[in-house]
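Inside the fold
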Amino acid sequence: MKRFIVILIGLLFSVHVLAQDESYLYQVNPYNFIRYDRNELHHFGNDKYAQKLFAKLENMLSTGEGRINVVHIGGSHIQAGTFSGRLRSRFQQLNGDMNAGWGFMFPYRIARTNSPYGYYIRYSGGWQSCRNIERRKNDQLLGVGGISATTRAPFTDLTILLEDENELDYSFHKLKVFCNYETSKYSVSVDSSLVKRQVNGDGFIEFELNAHVDSLRLLIQREANSSEGFTLYGISTEKAPNGFVYNSIGVNGAHVPAFLRCQLFEEQMKQLQPDLVILGLGINDAYGRRFSQKRFEDNYSELIGKIRKAAPHTTIILTTNNDSYLYRRYVNKNGEKVEESMFKLAEKHDTGVWDMFEVMGGLNSVVLWERNYLAQHDKIHFTREGYLMLGDLFFAAFMQNFENYVQTKNEVSQLTK
């Protein structure tokens, strides 16, 4: 327990102390327009979901054992990978090394869209992609990743390559391929000399390797005299049994209904076994003059219901929209409406809320972020430095709630002695 307290003190020190080194969370008050005093998680900490998550985290920090799976879902803020990547790095370095793996991946280049920083997937052969923001045929299924890629080529391959510049080592010894192998008449294989165990599950193929690798080639081959297509929904990689796996799932332009259209969402969410789900959807729902709070709340309630059905005990945190502009010219007042709706949803569904809108500085604060090179000129997206700042702010709010949990638990323990 003493070791855990030392770790926690170090974390809190890093939150509040002025430092130039990037290993600290952020400098104290470098920007007077950011509301550091409002940086907290609301409706979070005393509910049964957060209590279970914090108990698991406390045990991990004190013993080094245990696993927390995080799933972070959003639109372009998340697909870019900088915001969620910062959080991945922060969580996985909580106690020296709590890196259990990268988590969810997808070959975004197949869909001619940007790949997150940290890895890329090389491919061969002809592929057709489908995203949840697009119109599609009824037979085009989508999973938790909100995007799929289908090939009918007799032979193709995918090669996972990790970036050398990654802050942490994400070499892996286990990977899961989410696909339709049962009905596709395709085989999926890797170098047989690396395979320790293979499991063909319901909607996935899992490989356990006898060594950690930082690149891996998947061979995808069609059986003779078959015209069925092979569809890939995503890949997840793991490094170790203990620590954090951070699954970052983003689709540019996605709103809440886009993920409600994903027929395999619940099935694959269940496979990810999330302990914590962070939902960053809303900026695309509220972009326009016809935004309906009721429809937004109904859609979000349905999505939360799907997550809780797949993972009944998972903790959920909603992030409000960032302050933004419409068409680069008009202040988007829908941000305030989304903020109001998310607090209502939190009370209804026992979720937490990180009020990014308020922490940024409230209505029209994005102009100040832009002037300080933290937001882009479209007044919707952020610069790399802005996304890193958001990641640090969220992490600091989360850890403050965790400190409150530990302090309250210790006070109760003292009273009962």
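Structure: see above.
This report concerns the structure included in the present document. (Residues numbered from 1 in each chain as written. Predicted model: local features only at pLDDT ≥ 70, side-chain atom pairs only at ≥ 80, totals over all residues. Heavy atoms only, no water.)

1. Focus on the packing of aromatic side chains
Counted under the stated rule, the structure contains 25 aromatic pairs. Ring centres of F296 and Y300 lie 5.2 Å apart, and the angle between their planes is 75°; on these two criteria the pair is classed as edge-to-face. Of the two residues, F296 and Y300 both sit in helix 8 (residues 293-310), four residues apart, roughly one turn of that helix. Since its relative accessible area comes to 2%, F296 is described here as buried. When its relative accessible area of 0% is taken as the criterion, Y300 is described as buried. In textbook terms, an aromatic cluster arises when at least three aromatic residues are bridged by ring pairs, as seen for F44, F54, F91, F244, Y246, F395, F398, F402 and Y405. We note R88 situated over the ring of W102; from NZ or CZ to the ring centre the distance is 3.8 Å. Directly above the aromatic system of F204 lies the positively charged group of K176, at a separation of 4.5 Å from the ring centroid. (Phe/Tyr/Trp six-rings, centres within 6.5 Å; stacked < 30°, edge-to-face > 60°. Helix = DSSP H or I, 4+ residues; strand = E, 2+ residues; numbered from the N terminus. Buried < 20%, exposed > 50% of the residue type's maximum accessible area, 1.4 Å probe, protein only. Lys NZ or Arg CZ within 6 Å of the ring centre and 35° of its normal.)

2. Topic: a nonpolar patch on the surface
On the surface, Y287, Y327 and Y330 cluster together to form a nonpolar patch covering roughly 300 Å² of accessible area. Its place among the elements puts Y327 in the loop between strand 18 (325-326) and strand 19 (330-331). Judged by relative accessible area, which is 45%, Y327 ranks as partly exposed. (Patch = residues over 30% accessible without salt bridge, like charges linked within 9 Å, V, L, I, M, F, W, Y side chains within 5 Å. Areas by Shrake-Rupley, 256 points an atom, 1.4 Å probe, with all protein chains shown as cover. Salt bridge = Lys/Arg side-chain N within 4 Å of Asp/Glu carboxyl O.)

3. Details of the pairing of strand 7 (residues 147-151)
Two faces belong to every sheet, and in a regular strand the side chains alternate between them. In terms of burial, strand 7 is a largely internal element, five of the five residues being buried. On strand 7, burial covers both faces: I147, A149 and T151 on one face and S148 and T150 on the other are all buried. In the sheet, strand 6 (residues 128-131) pairs with strand 7 via four bridges, with the strands oriented antiparallel. Counted as the bridge partner of S129 is A149 from strand 7. Of the strand pairs in this sheet, strand 7 and strand 14 (residues 230-238) are connected by three bridges, and their pairing is antiparallel. (Pairing = 2+ DSSP bridges.)

4. Focus on unusual backbone geometry
Most peptide bonds are trans, and most residues other than glycine sit at a negative phi. Although it is not a glycine, Y327 sits at a positive phi angle of roughly 55°. The backbone of D350 shows a phi angle near 55°, a positive value even though the residue is not glycine. Tracing the chain through its elements places D350 in the loop between helix 9 (334-349) and strand 20 (352-354).

5. Concerning the layout of surface pockets
For the second largest pocket, the calculated volume is near 380 Å³. Taken together, 17 residues form the lining of the second largest pocket, with G85, R86, Y117, E167 and R384 sitting closest to its centre. Split by residue class, the lining of the second largest pocket holds five nonpolar, six polar and six charged. (1 Å grid on protein atoms, 1.4 Å probe; cavity = no way out; pocket = protein on both sides within 12 Å on 5 of 7 lines; lining within 4 Å. Points joined across faces, edges and corners; volume = space filled by probe spheres on them. Nonpolar A, V, L, I, M, F, W, Y, C, P; charged D, E, K, R; others polar.)

6. Thoughts on the sheet that holds strand 10 (residues 186-189)
Strand order in this open sheet of four strands is 5-8-13-10, and the pairing throughout is antiparallel. Across the chains shown, the open sheet's two edge strands, defined by having one partner strand only, are strand 5 (119-123) and strand 10. Taken over all neighbouring pairs, the strand axes of this sheet differ in orientation by 15° on average, direction set aside. (Axes fitted to C-alpha atoms, helices over the stretch in contact; angles between N-to-C directions.)

7. Structural notes on the side chain of E339
Along the chain, E339 turns up in helix 9. The side chain of E339 is buried and forms no salt bridge, while R38, the nearest opposite charge, is found at 7.3 Å. Those residues in contact with E339, other than ones at most four positions away along the chain, are T320, D355, F357 and E358. (Lys, Arg positive; Asp, Glu negative; His and termini not counted. Contact = heavy atoms within 4.5 Å.)

8. Comments concerning helix 4 (residues 82-92)
The element helix 4 is largely enclosed, with a buried count of ten among its eleven residues. Burial in helix 4 covers these residues: T82, F83, S84, R86, L87, R88, S89, R90, F91 and Q92.

9. Structural notes on empty space enclosed by the protein
By rolling a water-sized probe across the atoms, one finds the places where empty space is left. Following the criterion strictly, the structure yields two cavities of 30 Å³ or more and no others. Its boundaries defined by the atoms lining it, the largest cavity holds a volume of some 90 Å³. In terms of lining, the largest cavity is formed by 13 residues, of which the most central are H77, F83, G280, T319 and M356. Tallied by class, residues from the lining of the largest cavity come to six nonpolar, seven polar and no charged. Approximately 70 Å³ is the volume attributed to the second largest cavity. Along the walls of the second largest cavity sit G81, S84, R88, W102, F104, M105, F106, Y108, P116, Y117, Y119 and S248, which together make up its complete lining. Contributions of two or more residues to the lining of the second largest cavity are made by helix 4 and strand 4 (103-105). For the lining of the second largest cavity, the residue count by class is eight nonpolar, three polar and one charged.

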